[in-house]
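Survey of secondary and tertiary structure
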Amino acid sequence: MLKKNIFNILLIVVKIFRKNKLVSSLVLVIPLISGLLTFFSYNAQVKLIDIVTMGSKNYNLSQVFELALIPVLLYVGVAAIQNLLASITEIVKNKMNASITISFQSDIIDIANSIDYENFDDEQFTNKLQRAKNFVGEDLDGITGFLVSSVGIISSLFSIIWLSATSGYYLISLLIFIMIIVTLSIRLFSEVKVRKVGREITLDGRMGDYLSKSLEEHSTLREMKIYRSVDYFIDLWKGTMKKQHNKRYGARKFEIKTGMIVALIQTGTIYIVLVYLLKGIKETNSVSIGTVAVLFLALLTCGNKIMSLTWPLSKLYISSSKLYDLNEVLELKKNIIKESNTNKKTLSLTPIDLTNIYFKYKNSEEFILSNINMRINHGEKIAIVGENGAGKSTLIKLILGQYKSTLGTVLWNGNDKPQGKVSVVFQNFIKFELSLRENIILGNVEEEIDDDKIIMILEKCELMDLYHELGGLDVKLGQIYEGGRQLSGGQWQKLAIARALYNNADLIILDEPTSAIDPISELQIYQKLLELCEDKTAIFISHRLGWTKNVDRIFVIENGSIVEVGNHNDLISHNGIYANMFSLQASWYK
Ligand SMILES: Nc1ncnc2c1ncn2[C@@H]1O[C@H](COP(=O)(O)OP(=O)(O)OP(=O)(O)O)[C@@H](O)[C@H]1O
């Protein structure tokens, strides 16, 4: 676990570094330098104390001032530089945070856009993607902040070891080093444990809130009284509260105990160091008073430094489990680059051949589609009809190449990958809260914007009234923008159709394209769609029949299999499922 967490932290540090080598190096190097400068500050302090103590015996006042000038300048200079470096670190850190957040966010968007659609049927995957997204949005800033402060504190702790080492007290350096490692480990262990308990307490707290709320709410209380379960709930609530209290108390006790052990080790170290140095002053006169005083003071601040290092390090450690999701999601990017290179060619998609297709979703046990054999010829207008859940939309996903068949093959003009332009209007069409123009041109952003073409398409899709009402193409739709215009469901759907038509695709797929549109507009739109798709291949899915009279072939799907194929007249004279559906619907209008 420990190894895995540290590995995750290192992995993300490497990724951050790769994103922006210069800025991330600066963000780590500046606090490192600032921490190490503490060594020079300590040295200046040693010299100052020595000058003052010696000076009182050997020099007059002006000589003392003269000698003290350089250490004073050094001390003040270091403090000024450290302040300056702290400000620079803040600026660089903010810059880095903004750029890596955007960069990771776009990586995640790329990944979500490029991976197989099938992954989105996997709840675990979608949750992981969501957690990775949340982490980048909420926690990434914190991670870099913790890293920066950890580097600063570690290097200033190192300055203490450096000071005693350069004064020739290697044993003392070693002792301080061991003390830092041991007390830091104890503190970290305690902090991580307390944080984990804190999380559990939060969960217990939520449960406690839920139970106490249930005991106060009229409707739940009424049911509890009927089933005589009020006492059961009260006991449950008391138990949860007690558990929460015990955990909190236990965590406090543990924190106090470890705090005492740490204080004991630190005080013991200071005592040993002092005795050793004082012995040096007394017996060999090899130690200056300044060194003793500064080391003593530095060691006193050591405890606080270790405390302040514990916080970012433990936060880093706790966050590392979330980093795991981010690292895993980002790893997927490697596969994407290969795919996007192969997807560049634009070829004709038709004819599309589906041979012996069987399909099941990752999470489904039975085949959703079985034994599908169909050829969609170039320029054909096809209708796919069938009851709810028959498998129509699933078939479309396979035709689009979004899902791979479990058995059998799909070939697009002989290729095993679809490499052509396609327009689709899905049942759950998208409402882009952008301008009217953008809602159309998003169907084909590669083409230069052509307002005449946009207006022509608006006309075909019965949207001219809306266009005149809005007074132009630039009006924002939806609610995000102040003054944005909200549209009806039918108007949004017509816009989705207009967007599909704007794309010069040779295959158009319309999955329930008129479900939100009134029956009169629906017939008109179907008529126009058929006209507009004259030279294109078009596949329509709809529960409403009637317009199917005009398509070349109708495929009737039942329980995932094609049960009837033919044009309207063929199927009516066949007097099977289609004929039955048709006469049923026709009877509504009699
Ligand atoms: N992502 C999925 N994971 C698992 N099962 C799915 C998934 N999507 C659809 N199904 C199941 O596959 C079957 C066929 O669904 P599909 O959406 O293809 O039917 P449809 O004919 O388009 O239905 P409708 O007319 O209601 O839109 C249904 O039983 C549905 O529950």
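Residues numbered from 1 in each chain as written. Predicted model: local features only at pLDDT ≥ 70, side-chain atom pairs only at ≥ 80, totals over all residues.

The subject of this paragraph is the overall build of the chain. Scanning the chain from N- to C-terminus turns up 18 helices and nine strands. The buried share among the 590 residues of the chain stands at 31%. The long-range fraction of contacts in the chain, counting pairs at least 24 apart against all pairs at least 6 apart in sequence, stands at 77%. (Helix = DSSP H or I, 4+ residues; strand = E, 2+ residues; numbered from the N terminus. Buried ≥ 20, exposed ≤ 12 C-beta atoms within 10 Å, placed from the backbone. Contact = placed C-beta atoms within 7 Å.)

With that settled, consider the UniProt feature "transmembrane region" (unreviewed entry) in the chain. Annotation from UniProt places "transmembrane region" (unreviewed entry) at residues 21–44, 64–86, 143–163, 169–189, 258–278 and 284–302. Here residues 143–163 is 100% helix and 0% strand, with 30 Å between the C-alpha atoms at its ends. Between the C-alpha atoms that bound residues 169–189 the distance is 30 Å, and the span itself is 95% helix and 0% strand. (UniProt positions renumbered as here; feature names shortened; annotations may be inferred.)

The strand order β5-β6-β7-β3-β8-β9 describes an open sheet built from six strands, whose pairing is mixed. Edge positions in the sheet fall to β5 (422–425) and β9 (561–566), since each has one partner strand and no second. Shown here is a sheet whose adjacent strand axes are inclined to one another by a mean of 15 degrees, direction ignored. Here helix α15 (residues 489–502) sits on the sheet in contact with β5 and β6 (507–511), set at roughly 175 degrees to β5. (Pairing = 2+ DSSP bridges. Axes fitted to C-alpha atoms, helices over the stretch in contact; angles between N-to-C directions.)

What follows is about the pairing of β5. Along β5, one buried face is formed by V422 and V424 and the opposite face, lined by S423 and V425, is buried too. As paired strands, β5 and β6 are joined by four bridges and run parallel to one another. Of the residues in β6, the one forming a bridge with V422 is L507.

What follows deals with the packing of helix α6 (residues 170–216) against helix α8 (residues 230–284). Look at α6 against α8: their axes get within 9 Å of each other, and the N-to-C directions meet at 170 degrees. Between α6 and α8, the angle is such that the two are roughly antiparallel. Taken together, the residues of the contact of α6 with α8 break down into 25 nonpolar, 11 polar and eight charged. (Parallel < 35°, antiparallel > 145°, perpendicular 65-115°, else oblique. Nonpolar A, V, L, I, M, F, W, Y, C, P; charged D, E, K, R; others polar.)

Our focus in this paragraph is helix α3 (residues 61–114). The end-to-end C-alpha distance of α3, which contains 54 residues, comes to 77 Å, matching closely the 80 Å that a straight helix rising 1.5 Å per residue would cover. Taken as a whole, α3 carries its principal kink of about 40 degrees at L69; the proline P71 stands between one and four residues after it. Listed as buried for α3 are P71, V78, T89, V92, K93, M96, I100, F104, D107 and I108. (Expected span 1.5 Å × (residues − 1). Bend = angle between axes of the 7 residues up to and from the residue.)

What follows is about helix α4 (residues 123–138). Helix length check: α4, at 16 residues, gives a terminal C-alpha distance of 22 Å against a target of 22 Å (1.5 Å per residue), a fit within 8%. Within the sequence span of α4, burial applies to L129, A132, F135 and V136. The arc enclosing the buried residues of α4, seen along the axis, measures out at 125 degrees, which places them on a common side. Of the exposed residues in α4, the ones pointing more than 90 degrees away from its buried face are E123, N127 and E138. (Arc of directions from axis to C-beta.)

Let's shift gears to the packing of α3 against α4. The angle between the axes and the distance between the axes are what describe a pair of packed helices. Relative to each other, α3 and α4 sit at 165 degrees, their axes nearing to 9 Å. Between α3 and α4, the angle is such that the two are roughly antiparallel. Two packed elements cross with a definite hand, and for α3 against α4 that hand is left-handed. Where α3 abuts α4, its residues T101, F104, Q105, I108 and A112 lie against L129, A132, K133 and V136. Here the residues of the contact of α3 with α4 are counted per class, giving six nonpolar, two polar and one charged. (Left-handed = near helix turned anticlockwise from the far one by under 90°.)

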